[in-house]
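Examining the three-dimensional arrangement
So you can see what is in the structure, the chains are spelled out below.
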Amino acid sequence: QILKINPDDARVKAKIKELEDKVFQEKQSVIEVDASRGWISTGLRVSKGQPIRLQAEGTYKFIVNTEVGPDGFPTDNVMQDRGAGIDAGALMGWILSDPTQRGRPPKPGEAFQSGRELEYKPGEDGYLFVRLNVPPSSRCIGKVTLMVAGNIAPAVR
């Protein structure tokens, strides 16, 4: 509210930054992302507009066992193919929204590239899923370690 009145107040901006950093330090979860699997649940719930930080490290082998033409890999369906606009092999995520009404399935949000590091503000409340952006015909070996920090909570089902 203070920034609405005085948007250039350096002391208020510094305090807000300090509080945000404290959340990133206090709430952390480490997830092993198996390169041989598709989408995996992180077991974390995120909130719309509340920042999270994703930091990944590690390497894996990405072996493609398919014929690829001049158009490259298909990107029609992020659930089955690679993520549209996301680098091949990169770590990516999406938020599975809360069901809006009983009997209606939750909807996945748009996939986003997290790569080695990303600070991200989800566009909806929901559950964080991650995977490596590889086509289904590939064979991958290894694991990437992902630390998710910030405005997260354990998923309650």
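Cut-offs and rules
Each chain has its residues counted from 1, running along the sequence as written. For this predicted model, a pLDDT threshold of at least 70 governs which residues receive local features, and a threshold of 80 or more governs which side-chain atom pairs are given and counted, while totals over whole chains, interfaces and linings are taken from all residues. Side-chain numbers here rest on the full set of heavy atoms in the structure, without hydrogens or water. In this description a helix means any DSSP run of H or I spanning at least four residues, a strand means any run of E spanning at least two, and both kinds are numbered starting from the N terminus. Only protein chains enter the area calculation, which uses a 1.4 Å probe; residues under 20% of their type maximum are buried, those over 50% are exposed, and those in between are partly exposed. Two N or O atoms form a polar contact when they lie within 3.5 Å of each other; inside protein one atom must be a possible hydrogen donor and the other a possible acceptor, and for residues adjacent in sequence the pair counts only when both atoms belong to side chains. For this analysis, residues touch if any pair of their heavy atoms sits within 4.5 Å. When a carboxyl oxygen of Asp or Glu is within 4 Å of a side-chain nitrogen of Lys or Arg, the pair counts as a salt bridge. Centres within 6.5 Å make a pair out of two Phe, Tyr or Trp rings, where for Trp the six-membered ring is used; the pair is then stacked when the planes are under 30 degrees apart, edge-to-face when over 60, and tilted otherwise. Strands pair, by our definition, only if DSSP identifies at least two bridges between them.

Along the chain, the position of Thr42 falls in strand E2 (residues 40-46). On the basis of relative accessibility, which here comes to 10%, the residue Thr42 falls in the buried class. A distance of 3.2 Å separates a polar side-chain atom of Thr42 from the backbone nitrogen of Leu44. Polar contacts involving the side chain of Thr42 include one to the main-chain carbonyl oxygen of Leu128, which spans 2.8 Å. Discounting residues that sit within four places of it in the chain, Thr42 has contacts with Ile31, Leu128 and Val130.

Moving on to the side chain of Asp9. Take Asp9: it is sitting in the loop between helix H1 (2-5) and helix H2 (10-26). Reaching out from Asp9, the side chain makes a polar contact with the backbone nitrogen of Arg11 at a distance of 3.0 Å. Of the polar contacts made by the side chain of Asp9, one reaches the backbone nitrogen of Val12; its length is 3.2 Å. Excluding residues that lie within four positions of it along the chain, Asp9 makes contacts with Ile2 and Leu3.

Taken as a whole, this structure holds four salt bridges when the rule is applied. Where Glu18 meets Lys15, a salt bridge forms, and the shortest distance between an N and an O atom there is 3.4 Å. Of the two residues, Glu18 and Lys15 both sit in helix H2, three residues apart, roughly one turn of that helix. We classify Lys15 as partly exposed; its relative accessible area is 43%. Of the charged contacts, one joins Lys22 and Glu26 as a salt bridge, the two residues approaching to 3.9 Å between their closest N and O atoms. With Lys22 and Glu26 both in helix H2, this residue pair falls four residues apart, about one helical turn. Here Glu26 falls in the exposed class, since its relative accessible area comes to 58%.

Bringing the packing of aromatic side chains into the picture now. Under the criterion given, the structure shown has three aromatic pairs. Judged by centre distance (4.9 Å) and plane angle (15°), the ring pair of Trp94 and Phe129 falls under stacked. Here the residue Trp94 occupies a position in strand E5 (residues 91-97), and Phe129 occupies one in strand E8 (residues 126-132), the gap between them amounting to 35 residues. Exposure remark for Phe129: the relative accessible area of 13% places this residue in the buried category.

This part is about the sheet that holds E2. Taking strand neighbours across the sheet as the criterion, the five strands line up as E6-E5-E8-E2-E10 in an open arrangement whose pairing is antiparallel. Of all strands in the sheet, those with a lone pairing partner are strand E6 (112-113) and strand E10 (152-154), marking the two edges.

The next point concerns the pairing of E2. Bridging between E2 and E8 involves four bridges; their strand directions are antiparallel. Residue pairing in the sheet places Val46 in a bridge with Gly126 of E8. Judged from the three bridges that link them, E2 and E10 form a sheet pairing that is antiparallel. Opposite Val46, over in E10, you have Ile152 as the bridge partner.

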